[in-house]
Amino acid sequence: MDFSSLFSLNTVTVAIVLVLIILSINRSLQWPANLPPGPTGYPVIGSILLFRKGNVLELFRKLRAQYGDVFSLTLGKNLTVVISGEEALKEAFIQQAEDFSDRSENSLTGRILKNKGIGFSSGKYWKQTRTFALSTLRNFGFGRKSLESRVQEDIAAYLDMIEQQDGQPYDMKELTVMAISNIICSITFGNRFDYTDAKFKRITSLFAENFRLLALGGAAQAFPYLKYLPGDMFNIKKLIQNTKEIRDFVFEQITEHRNTLDDQNQRDFIDAFLSQQSIHGQEDTIFEDLNLAVSVINLFVAGTDTTATMIRWAIVYLIHNKHIQDKLRQEIETVVGCSRLPSLADKSDMPYYEAFITEVFRMGNITPLAVPHGALKDIHFRGMVIPKGTLIMPNLDSVMTDPDIFKNPEKFEPERFLGKDCQLNGKERNVLAFSLGRRVCLGESLARMELFLFMTSLLQRFEFLPESPETLPSTDGILGLALVPHDFKCRAVKLK
Ligand code: HEM
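Residues numbered from 1 in each chain as written. Predicted model: local features only at pLDDT ≥ 70, side-chain atom pairs only at ≥ 80, totals over all residues. Heavy atoms only, no water.

Asker: Any details on the pairing of strand 1 (residues 70-75)? Residues and values, ideally.
Answerer: Taking burial as the measure, the 6 residues of strand 1 include 6 buried ones, the bulk of the element. Neither face of strand 1 is left uncovered, since the one carrying V70, S72 and T74 and the one carrying F71, L73 and L75 both have all their residues buried. In this structure, strand 1 lies alongside strand 2 (residues 78-84), joined through 6 bridges in antiparallel fashion. Counterpart to F71 in the pairing with strand 2 is V82. (Buried < 20%, exposed > 50% of the residue type's maximum accessible area, 1.4 Å probe, protein only. Helix = DSSP H or I, 4+ residues; strand = E, 2+ residues; numbered from the N terminus. Pairing = 2+ DSSP bridges.)

Asker: Describe in detail the packing of aromatic side chains, supporting the description with residues and values.
Answerer: Scanning the entire structure with this criterion turns up 19 aromatic pairs. Plain terms: the ring middles of F462 and F464 are 6.3 Å apart, the flat faces sit at 65 degrees to each other, and that makes the pair edge-to-face. As far as burial versus exposure is concerned, F462 and F464 are alike and both buried. Among the aromatic side chains, those forming a connected cluster through ring pairs are F132, F269, F273 and F287. The lysine or arginine in question, R192, covers the ring of Y195, its NZ or CZ lying 5.7 Å from the ring centre. (Phe/Tyr/Trp six-rings, centres within 6.5 Å; stacked < 30°, edge-to-face > 60°. Lys NZ or Arg CZ within 6 Å of the ring centre and 35° of its normal.)

Asker: Provide a residue-level description of helix 2 (residues 56-67), including the pertinent values.
Answerer: The terminal C-alpha atoms of helix 2 lie 16 Å apart, and with 12 residues this matches the ideal 16 Å at 1.5 Å per residue to within 8%. Of the positions making up helix 2, those classed as buried are V56, L57, L59, F60 and L63. For helix 2, the angular spread of the buried residues around the axis is 155 degrees, confining them to a single face. Facing away from the buried surface of helix 2 by more than 90 degrees, the exposed residues are K62, A65 and Q66. In this fold, the buried residues of helix 2 make contact with strand 1, strand 2, strand 6 (391-395), helix 16 (397-400) and strand 8 (477-479). Here helix 2 starts with a cap whose side-chain oxygen sits 3.3 Å from the backbone nitrogen of L57, and that cap is N55. G68 sits one or two residues past helix 2 and shows a positive phi near 105 degrees. (Expected span 1.5 Å × (residues − 1). Arc of directions from axis to C-beta. Contact = heavy atoms within 4.5 Å. Polar contact = N/O pair within 3.5 Å; in protein donor to acceptor, adjacent residues only side chain to side chain.)

Asker: Describe the side chain of T74, and please don't skip the residues or the numbers.
Answerer: For T74, the position within the fold is in strand 1. Since its relative accessible area comes to 14%, T74 is described here as buried. Among all residues touching T74, those that are not within four sequence positions of it are W31, G41, I45, G46, S47, I48 and L79.

Asker: Account for the pairing of strand 6, with residues named and values stated.
Answerer: Where burial is concerned, most of strand 6 is hidden: 5 out of the 5 residues are buried. Side chains L391, M393 and N395 project from strand 6 onto one buried face, and the interleaved I392 and P394 project onto a second face that is buried too. Pairing of strand 2 with strand 6, which is carried by 5 bridges, proceeds in the parallel orientation. Looking at the pairing, T80 lines up with L391 of strand 6. With 2 bridges joining them, strand 3 (residues 373-374) and strand 6 adopt antiparallel strand pairing. Opposite G374, over in strand 6, you have L391 as the bridge partner.

Asker: Outline the side chain of T285, listing residues and values.
Answerer: Position of T285 relative to the elements: it lies in the loop between helix 11 (269-280) and helix 12 (289-303). The buried category is assigned to T285, whose relative accessible area is 19%. Ignoring sequence-local partners within four residues, the contact set of T285 consists of Y125 and H280.

Asker: Could you give an account of the pattern of salt bridges, with specific residues and numbers?
Answerer: Counted under the stated rule, the structure contains 28 salt bridges. A salt bridge links E252 to K199, with the shortest nitrogen-to-oxygen separation between them at 3.0 Å. Linking E252 in helix 10 (residues 236-259) with K199 in helix 9 (residues 198-222), this pair joins segments that are 53 residues apart in sequence. Assessed through its relative accessible area of 37%, E252 is described here as partly exposed. The closest approach of N and O atoms between D326 and R329, which form a salt bridge, is 3.8 Å. (Salt bridge = Lys/Arg side-chain N within 4 Å of Asp/Glu carboxyl O.)

Asker: How would you explain the nonpolar core if you had to name every residue and give the values?
Answerer: Within the largest apolar cluster, 116 residues are counted, with the highest numbers of intra-cluster contacts made by I83, Y158, I315, F356 and L458. Residues contacting I315, with those up to four places away along its chain left out, are M172, M455, L458, F464, F488 and C490. One finds L63, F71, V82 and L369 within the second-largest nonpolar core, a separate group that totals 11 residues. (Core = buried A, V, L, I, M, F, W, Y, C linked by side-chain atoms within 4.5 Å.)

Asker: Hey, could you go over the sheet that holds strand 6 for me, with residue numbers and the actual values?
Answerer: Ordered by their spatial adjacency, 4 strands build an open sheet running 1-2-6-3, and the pairing between neighbours is mixed. Single-partner strands in this sheet number two, and they are strand 1 and strand 3. Relative to the sheet, helix 2 contacts strand 1, strand 2 and strand 6, its axis offset from that of strand 1 by approximately 125 degrees. Docked against the sheet, helix 3 (residues 86-95) engages strand 2, strand 3 and strand 6, running at close to 120 degrees with respect to strand 2. (Axes fitted to C-alpha atoms, helices over the stretch in contact; angles between N-to-C directions.)

Asker: Can you explain the site of the ligand? Please cite residues and give values.
Answerer: The ligand sits among 28 residues. The nearest are R130, H373, S435, R439 and C441. Here an oxygen atom of the ligand sits 2.9 Å away from a polar atom, N or O, in the side chain of W126. Here an oxygen atom of the ligand and a side-chain polar atom of R439 are 2.7 Å apart. Of all the secondary-structure elements, those providing two or more residues to the shell around the ligand are helix 6 (123-139), helix 12, helix 13 (305-320) and helix 17 (444-461). For the shell around the ligand, the class distribution of residues is 17 nonpolar, 8 polar and 3 charged. (Near = heavy atom within 4 Å. Nonpolar A, V, L, I, M, F, W, Y, C, P; charged D, E, K, R; others polar.)

Okay, structure coming up:
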């Protein structure tokens with residue numbers, strides 16, 4: 001054995017650890033004295049050991065009880081501030097929106113996407129990109145009647161695929177992701193894909209894989225130097241490789257669109273962007289190709305697995321609550337009947353559906369910590385200082401599970417949102433599933449429209465049953481980038 005190399009390896013390891021300790025102590029010495037309170041962390045690792053039991057939401061509940069609505073903790077070299085409770089959330093993200101609406105420049109996702117696009121850019125660049133995206137998407141029918149027929153086309157194909165399973169146990173995940181993804185394809189690329197198209201299958205699976213891997217990216221966010229380790233234990237290289245493949249696919253679409261562009265007859269989001277590019281140029285404007293590619297990627301990432309996950313949560317709760325399933329179907333029969341697909345015009349006459357889906361938003365709680373914001377300068381808040389570089393987490397979970405707002409919050413009860421007149425009672429406004437303030441989800445109206453059309457069409461045609469009477473799907477979620485249900489199979493039995 002070569003002892004000298006063993007010795008030098010140990011010396012190098014000790015030296016690296018010492019440098020990291022000195023750097024992290026030096027960094028924390030630069031933080032102001034009136035930071036939000038929180039647990040004392042260790043050099044280098046910070047408070048990471050608190051997370052070893054895994055339930056982050058439970059941990060944040062305990063820390064909030066101990067330190068209050070605004071607490072801080074260190075994760076690796078980063079300072080993180082968690083804001084909880086409706087009052088503090090509104091104060092920060094609405095009343096002090098100018099300070100609290102940026103993203104961190106150092107987040108893993110932001111760095112992979114070069115801090116461009118809608119979801120991970122900041123400041124003026126973000127405001128202009130978001131404004132352009134929102135108005136363009138509205139023109140292409142976001143949440144409006146004009147998009148409805150395209151969504152219904154996808155639903156018809158989706159229902160047929162489910163019917164082909166003939167009431168046998170089936171995992172709806174992949175099919176649901178493809179159906180929802182196709183709607184974003186229509187809006188951004190101007191066409192939908194066949195479910196058997198190999199390229200479409202590959203791209204949707206890459207998006208789904210990144211959605212899953214980003215959860216593990218949590219470790220890489222806190223310890224960015226992990227990416228220099230040999231191998232790919234934290235899947236960072238895989239994440240980057242997948243993103244490159246997705247980006248190449250989007251660039252191919254951009255080139256095809258550029259070659260066939262007709263300014264007077266814009267087909268989709270990419271055409272609308274390229275038309276602006278031909279007016280303003282790419283230099284010193286937001287209309288550069290990379291911003292277009294990242295914005296399209298943002299729409300796919302933010303708009304596919306979120307809505308598809310909500311559909312799966314809705315099915316989980318329908319299987320657990322047959323009486324709710326029956327009640328919903330009764331409302332559909334009364335308002336829509338069974339000779340046509342449900343349409344957006346029916347929505348206002350279906351308060352029970354609205355109460356049901358709001359309860360799925362609350363209990364499914366798919367984005368309990370929204371997407372982290374970032375302090376791009378020192379922020380003064382409630383007499384404390386949140387220093388530049390801090391990651392800021394809106395703790396939406398703290399509202400969704402607040403027993404003062406929602407009695408028996410652990411119970412699935414759509415009726416909590418209905419008054420004596422069986423209409424919505426206003427409590428639905430406390431369900432902050434799409435976050436709040438200027439970064440509020442850009443796709444809320446599309447998501448609500450998709451959920452309505454998908455869920456009511458599914459219930460109109462099928463009864464949902466568990467795989468077998470003994471195997472009910474779990475109502476516990478797995479928290480990664482979003483809170484998702486465990487994989488489950490169910491039976492969709494066609495109604496007579
Ligand atoms: C049930 C479905 C959905 C849920 C629960 C959801 C929730 C959220 C949340 C919590 C955020 C973070 C807000 C913040 O930073 O504070 C967000 C951001 C965003 N969402 Fe959604 N979303 C959904 C569907 C969609 C859809 C369908 C689209 C578009 C096609 C979309 C596009 C976006 C974009 C682009 C952002 C980034 C906004 C920005 O940074 O300015 N989302 N969403």
